[in-house]
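If you want the building blocks of each chain, they are given just below.
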Amino acid sequence: MGSGQWHVEKRSTLRNDSFVKEYGSVPETGCISIVVLGASGDLAKKKTFPALFNLYRQGFLNPDEVHIFGYARTKLSDEQLRDRIRGYLVDEKNAEALSKFLKLIKYVSGPYDSEDGFQRLDNAISEHEVSKNSSQGSSRRLFYLALPPSVYPSVCKMIKTCCMNKSDLGGWTRIVVEKPFGKDLESAEQLSSQIGELFDESQIYRIDHYLGKELVQNMLVLRFANRFFLPLWNRDNIENVQIVFREDFGTEGRGGYFDEYGIIRDIIQNHLLQVLCLVAMEKPISLKPEHIRDEKVKVLQSVVPITDEEVVLGQYEGYRDDPTVPDDSNTPTFATTILRIHNERWEGVPFILKAGKALNSRKAEIRIQFKDVPGDIFRCQKQGRNEFVIRLQPSEAMYMKLTVKQPGLEMQTVQSELDLSYGQRYQGVSIPEAYERLILDTIKGDQQHFVRRDELKVAWEIFTPLLHRIDNGEVKSIPYKPGSRGPKEADQLLEKAGYLQTHGYIWIPPTL
């Protein structure tokens, strides 16, 4: 491979040999059945099936081993389900691959709380396993719950009763559950207990798709594989950290659903908090999933209670025009909250989590702002501080804002950047969707990028008191105009926390 050229390696097996060698997994020889529960819903059509198709196209799902089952209440034939999802699996270059993939999909209809339907599902899976000559107990069964959490307990009970492997000869049964994992600490713990009574923690994969994003997965490599970051990544050098999620559209017809949760439950308590863990955690003793997740839990346990003075809530004007939203709704569509970590590395450094809908831009990023240079002989502090920015989406990139001499005869300074833009640097390389990575991790048995039960509990302990105060109307949402930056009070809170906004500098993604 020549310098500067990149290619995507095609895999021919489901197993990651280096992972198996490192962590001693049992050799897996049986076939695999992937069951998508809620197969007729939007999540399955838009995310789960496309992710499975992309894994199939790249050779990660061997057609001689894999069969895919859809299960839902809607009465459909195999062909009707295939027709429903076909439009989301466009592959103009390889229609043959699409046709072969669709033939791997079978459909079973039935209720989510009845043994009859799940017994039919088990019979269909068993027929597949027999056809592949899998010895009993060596087969692998993955159940993806593309369903509302309210039916998780009944579905898990039916899987446990009707669809488990009969013995253990290298085979396994695993379940993937989607957020939201409850609405507060009590409901999350209740849900965890109900599922935990049926399955071991090693069988449960709580998926947070942000943990599958390319630059989120890069965080540990950036922090612990680069010497120059090691002495900088602490309270002595970093003034503040922002983790931002912005959308330039509103609830788009999902107002009734969104109003039950709000922006904190929907984005901050899970996605942004997971990113915070990776930014703030200590180096794990190895890359084993449990060692990484142990360090994430330690960070969350070090977060001090959130005060109302360090929270700004907003609701965009027009949100309540949705007929499914109550006229007196206080549900925030925007929130800025400051978390403070009480440990040696981060004491005094504000972690600013900010998320909102109907804003003036769409992006998700981590922005690490460094302290002012002491003894500023160039008198350039007004131009802005050094910042390390990790753009998660869109236009994935990492860039460092720094001060340089402006070209010319005079000694004048200007802000510029060191830029690694993925679209430019890795031309021709397709960045996988988050769901692809996480489903593949589930098949491999790698729980590194999934949320452990104790981690989930501590995350809810951080936000539940604030959420209850919001639900009780004690903390009010401030109206803001759609297409704006959000409430001006949020910018004032950032300024109070020590964030210094750079004026006159805008990062522009490089053109190819």
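Below is a short write-up of the structure. Residue numbers restart at each chain and count upward from 1, following the sequence in its written direction. Confidence filtering applies because this is a predicted model: local features only for residues at pLDDT of at least 70, side-chain atom pairs given and counted only at 80 or more, and all residues used for totals across whole chains, interfaces and linings. Note: side-chain values were computed over all heavy atoms of the structure, leaving out hydrogens and water.

A short note on the sheet that holds strand E4 (residues 140-145)
- When DSSP finds two or more bridges between two strands, those strands count as paired. The helix and strand labels rest on DSSP assignments: H or I over at least four residues marks a helix, E over at least two residues marks a strand, and numbering proceeds from the N terminus. One open sheet accounts for 6 strands, arranged E3-E2-E1-E4-E5-E6; its pairing is parallel. In this open sheet, the two edge strands, each paired with only one partner strand, are strand E3 (105-109) and strand E6 (204-207). Each strand of the sheet is rotated relative to its neighbour by a mean of 20°, with strand direction disregarded.
- Examined bridge by bridge, strand E1 (residues 32-37) and E4 share 6 bridges and lie parallel to one another. Its bridge partner being in E4, Val36 is matched across the sheet by Tyr144.
- Note on definitions: a residue-residue contact is assigned when non-hydrogen atoms from the two residues lie within 4.5 Å. To get an axis, fit a line to the C-alpha atoms, keeping to the stretch in contact for a helix; angles then go from 0 to 180 degrees between the N-to-C directions. Where helix H2 (residues 42-57) meets the sheet, it contacts E1, strand E2 (66-72), E3, E4 and strand E5 (172-178), and its direction lies at approximately 165° from that of E1.

Some points on helix H4 (residues 95-103)
- All buried positions along H4 are accounted for by Ala97, Leu98, Phe101 and Leu102. For H4, the angular spread of buried residues about the axis comes to 130°, placing them on one side. Of the exposed residues in H4, the ones pointing more than 90 degrees away from its buried face are Ala95, Glu96 and Lys103.
- Where H4 is buried, its residues contact H2, E2, helix H3 (78-86) and E3. In this scheme, a residue with accessible area under 20% of its type's maximum is buried, one over 50% is exposed, and one in between is partly exposed, where area comes from a 1.4 Å probe on protein chains only. Think of it as the arc spanned by the lines of direction from the helix axis to the C-beta atoms.

Focus on the sheet that holds strand E13 (residues 397-405)
- With respect to topology, 9 strands assemble into an open sheet ordered E14-E13-E12-E11-E7-E10-E9-E8-E15, the strand pairing being mixed. Lying at the two open borders of the sheet, with one neighbouring strand each, are strand E14 (413-421) and strand E15 (477-480). Each strand of the sheet is rotated relative to its neighbour by a mean of 20°, with strand direction disregarded.
- The sheet contact formed by strand E7 (residues 238-246) and strand E10 (residues 350-356) spans 6 bridges and is parallel. Note on E10: the bridge partner recorded for Ile243 is Leu353.
- Together, E7, strand E8 (311-316), strand E9 (334-340), E10 and strand E11 (363-370) form the strand contacts of helix H10 (residues 255-280), whose direction differs from that of E10 by roughly 145°.

Re the pattern of salt bridges
- Each salt bridge in this description consists of a side-chain nitrogen of Lys or Arg and a carboxyl oxygen of Asp or Glu lying within 4 Å of one another. By the definition in use, this model includes 33 salt bridges.
- The salt bridge involving Lys363 is made with Glu365; its shortest N-O contact spans 3.4 Å.
- Of the residues examined, Glu365 reaches a relative accessible area of 2% and is grouped as buried.
- Here the salt bridges do not stand alone but share partners, grouping Lys363, Glu365, Arg367, Glu387, Arg391 and Lys401 into one network.

A closer look at the pairing of strand E12 (residues 387-393)
- Among the 7 residues of E12, 7 are classified as buried, and the element is accordingly described as predominantly covered.
- Pairing analysis gives 6 bridges linking E11 to E12, with the strands arranged antiparallel. The partner of Arg367 across the bridge, within E12, is Val389.
- Between the end of E12 and the start of E13, which pair antiparallel, lie 3 residues, with Ser395 showing a positive phi angle near 55°.

Some points on the packing of aromatic side chains
- For Phe, Tyr and Trp, where Trp contributes only its six-membered ring, two rings pair if their centres lie within 6.5 Å, and the inter-plane angle classes them as stacked under 30 degrees, edge-to-face over 60, or tilted in between. One pass over the structure, following the stated rule, counts 17 aromatic pairs.
- Measuring from ring centre to ring centre gives 5.0 Å for Tyr205 and Phe450, while their planes differ by 85°; the resulting arrangement is edge-to-face. In this pair, Tyr205 is assigned in strand E6 and Phe450 in the loop between helix H13 (434-444) and helix H14 (453-471), connecting sequence segments 245 residues apart. Like Tyr205, the residue Phe450 is buried in the burial classification.
- Between the aromatic rings of Tyr422 and Tyr426, the centroid separation amounts to 5.1 Å while the plane-to-plane angle is 70°, which identifies the pairing as edge-to-face.
- Residue class for Tyr422 comes out buried when judged on its relative accessible area of 8%.
- Since its relative accessible area comes to 23%, Tyr426 is described here as partly exposed.
- Through a chain of ring-to-ring contacts, three or more aromatic side chains come together here, namely Phe258, Tyr316, Tyr319, Phe334 and Tyr480.
- A positively charged side chain is recorded as over a ring if its NZ (Lys) or CZ (Arg) lies within 6 Å of the ring centre. The angle to the ring normal must also be within 35 degrees. The ring of Phe199 has Lys160 lying over it, and the distance from NZ or CZ to the ring centre is 5.9 Å.
- A cation over a ring is seen here: Lys183 above Tyr261, with NZ or CZ 5.5 Å from the ring centre.

A word on the nonpolar core
- Ranked by internal contacts, the top residues of the largest apolar core, which has 150 residues, are Phe49, Leu145, Ile159 and Phe463.
- When residues in this core are grouped by element, the largest group, 13 residues, is from H10.
- The residues contacting Phe49, other than those within four sequence positions of it, are Val36, Ala39, Ala44, Ile68, Leu81, Ile85, Leu89, Phe101 and Ile105. Throughout, nonpolar core names a set of buried Ala, Val, Leu, Ile, Met, Phe, Trp, Tyr and Cys residues whose side chains join them through atoms within 4.5 Å.

A word on the environment of Glu282
- With respect to the helices and strands, Glu282 occurs in the loop between H10 and helix H11 (289-301).
- With 233 residues separating them along the chain, Glu282 and Phe49 place their C-alpha atoms 36 Å apart.
- Not counting residues up to four positions away in its chain, the partners in contact with Glu282 are Phe224, Glu295 and Arg345.
- Polar side-chain contacts of Glu282 include one of 2.7 Å to the side chain of Arg345. Pairs of N or O atoms are called polar contacts if they sit within 3.5 Å, as long as, within protein, a hydrogen donor faces a hydrogen acceptor (for residues adjacent in sequence, only side-chain-to-side-chain pairs).

Quick look at helix H7 (residues 185-196)
- Between its first and last C-alpha atoms H7 spans 16 Å; for 12 residues at 1.5 Å apiece the expected length is 16 Å, and the two agree.
- Buried residues along H7 sit against helix H6 (152-162), E5, E6 and H14. Multiplying 1.5 Å by the helix residue count minus one yields the expected span of that helix.

What to know about unusual backbone geometry
- Cis geometry marks the peptide bond from Lys179 to Pro180, where omega comes out at 5°.
- Position of Pro180 relative to the elements: it lies in the loop between E5 and H7.
- Omega for the bond connecting Gln393 with Pro394 falls within 30 degrees of zero, at -20°, which places this linkage in the cis form.
- Mapping Pro394 onto the fold places it in the loop between E12 and E13.
- Although it is not a glycine, Ala358 adopts a positive phi angle of roughly 55°.
- At Ser395, a position not held by glycine, the phi torsion is positive, near 55°.
- Here Ser395 lies in the loop between E12 and E13.

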